[in-house]
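Next come the chains, spelled out residue by residue.
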Amino acid sequence: MDSGTGEGSTSFTDDYETFISTTDVDLLKRAWRNEKAAPEILQYEAALRSSLQEQNVEASEADGEDPLTMSLYQMDLDRTQFLLRSYLRVRLQKIEKYIFHILKTDESLNRLSDEEQTFAASCGDDLRAHLKETVLSKLPTDYNSELKQSAASEEDDMVPAPRLDSFVICKARQYISGLDFEPEYSHEITEMERDLLTFVCYKFIKKPLENGKIDLV
């Protein structure tokens, strides 16, 4: 009897590592920190969310395990879900803040999930309709655009955009040489040592961040 219980406990311990992979949780924390610290919206972590959702399904199907073990596991699961919701909430806030910039910029739009793209399109339509009804329809033709201050404007100067020249604190996950940075910024930053906190202009480290070589703090 005791032997059977021990084997069941060991089996569930192995399953537990599959349910909540430390690697997945660490990746989620990293994605969340980077998203919070970056001035622009980053690439959506689709594979990570799918993996966590699969783990949730497996957890809900677990039956007959030790109550204490399941309780501890549920606590871990709840914390992971809280972190995932926070990650998605930060992204939605950025979409709402930079809605017109994202919709007109393919690079930014392609970073969104399918659901986020649908939300952005709907949000953009609603905002345009609201601005037209409350303000723009009452202005002269040359000034009734939600994107430009006037017809004379050559750029969309009414569209808020992320400030890529803002400064961030980051840490390299490995040694980074000048070749890892965009050539146009090679004179601004030449290298970064591993695990050394650095206060730097975001656009200088944008490329290594996208390549997973840098974490924001």
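Remember, it's a predicted structure, so these values are computed and weren't measured experimentally.

The rules behind each value
Residues numbered from 1 in each chain as written. Predicted model: local features only at pLDDT ≥ 70, side-chain atom pairs only at ≥ 80, totals over all residues. Heavy atoms only, no water. Helix = DSSP H or I, 4+ residues; strand = E, 2+ residues; numbered from the N terminus. Buried < 20%, exposed > 50% of the residue type's maximum accessible area, 1.4 Å probe, protein only. Contact = heavy atoms within 4.5 Å. Axes fitted to C-alpha atoms, helices over the stretch in contact; angles between N-to-C directions. Left-handed = near helix turned anticlockwise from the far one by under 90°. Nonpolar A, V, L, I, M, F, W, Y, C, P; charged D, E, K, R; others polar. Phe/Tyr/Trp six-rings, centres within 6.5 Å; stacked < 30°, edge-to-face > 60°. Salt bridge = Lys/Arg side-chain N within 4 Å of Asp/Glu carboxyl O. Pairing = 2+ DSSP bridges. Patch = residues over 30% accessible without salt bridge, like charges linked within 9 Å, V, L, I, M, F, W, Y side chains within 5 Å. Areas by Shrake-Rupley, 256 points an atom, 1.4 Å probe, with all protein chains shown as cover. Core = buried A, V, L, I, M, F, W, Y, C linked by side-chain atoms within 4.5 Å.

Asks: Hey, could you go over the overall build of the protein for me, with residue numbers and the actual values?
Replies: Secondary structure summary: the protein contains 8 helices and 3 strands in total. Element order for the protein, N to C, with α for helix and β for strand: α-α-α-α-α-α-α-β-β-α-β. Within the protein, buried positions represent 35% of all 217 residues. The contacts of the protein with a sequence gap of at least 6 include a subset with a gap of at least 24, amounting to 66%.

Asks: I'd like to hear about the packing of helix 4 (residues 67–97) against helix 7 (residues 114–134), residue by residue, with values.
Replies: Contact geometry of helix 4 with helix 7 gives a least axis separation of 10 Å together with a crossing angle of 35°. Here helix 4 runs over helix 7; the crossing is right-handed. Along the contact surface, helix 4 presents R91, L92, I95 and E96, while helix 7 presents E116, F119, A120 and C123. Here the residues of the contact of helix 4 with helix 7 are counted per class, giving 5 nonpolar, no polar and 3 charged.

Asks: Explain the packing of aromatic side chains to me, and be specific about the residues and the numbers.
Replies: Applying the stated criterion across every chain yields a total of 2 aromatic pairs. With a centroid separation of 5.1 Å and an interplanar angle of 50°, the aromatic rings of Y185 and F204 are classed as tilted. Of this pair, Y185 sits in the loop between strand 1 (167–172) and strand 2 (197–201) while F204 sits in helix 8 (residues 202–210), placing them 19 residues apart in sequence. In terms of burial, Y185 and F204 fall into one category: buried.

Asks: Tell me what's going on with the pattern of salt bridges, and back it up with residues and numbers.
Replies: Counted under the stated rule, the structure contains 17 salt bridges. The partner of E116 in a salt bridge is R91, and the shortest N-O contact between them spans 2.8 Å. Of the two residues, E116 sits in helix 7 while R91 sits in helix 4, which places them 25 residues apart along the sequence. Grouping residues by exposure puts E116 and R91 together as buried. With its nearest N and O atoms 3.8 Å apart, the salt bridge here joins K104 to D156.

Asks: How would you explain the sheet that holds strand 1 if you had to name every residue and give the values?
Replies: Strand pairing within a sheet occurs via backbone hydrogen bonds; the two strands may be parallel or antiparallel. As summarised here, the arrangement of the 3 strands in space is 2-1-3, forming an open sheet in which the pairing is antiparallel. In this open sheet, the two strands that pair with only one neighbour each are strand 2 and strand 3 (214–216). In this sheet, neighbouring strand axes are inclined to one another by 45° on average, regardless of whether the strands run parallel or antiparallel. The pairing of strand 1 with strand 2 spans 5 bridges and is antiparallel. Of the residues in strand 2, the one forming a bridge with F167 is C201. Sheet strands touched by helix 8: strand 1, strand 2 and strand 3. Its angle to strand 2, the strand with the most contacts, is close to 115°.

Asks: So what's going on with the side chain of R30? Which residues, and what values?
Replies: Within the secondary structure, R30 is located in helix 2 (residues 22–37). Excluding anything up to four places from it in sequence, R30 contacts R173, G212, K213, I214 and D215.

Asks: Explain a nonpolar patch on the surface residue by residue, including any values.
Replies: A surface patch of nonpolar side chains, about 540 Å² in accessible area, is lined by F167, I169, L197, F199 and V217. Of all the elements in the fold, those that place two or more residues in the nonpolar patch are strand 1 and strand 2. Residue position: L197 is located in strand 2. The exposure class assigned to L197 is exposed, which follows from its relative accessible area of 55%.

Asks: Pulling in residues and values, what's your account of the nonpolar core?
Replies: In terms of nonpolar packing, the biggest core is built from 18 residues, with M192, Y202, I205 and L216 touching the most fellow members. When contributions to this core are tallied by element, the ones reaching two or more residues are strand 1, strand 2, helix 8 and strand 3. At 4 residues, helix 8 tops the list of elements feeding residues into this core. Here I205 is in contact with V168, C170, F181, I189, M192, V200, I214 and L216, once residues within four sequence places are set aside. Membership of the second largest hydrophobic core comes to 10 residues, among which are I99, I102, A120 and V159.

Treat this as a map of the structure, not an account of what it does.
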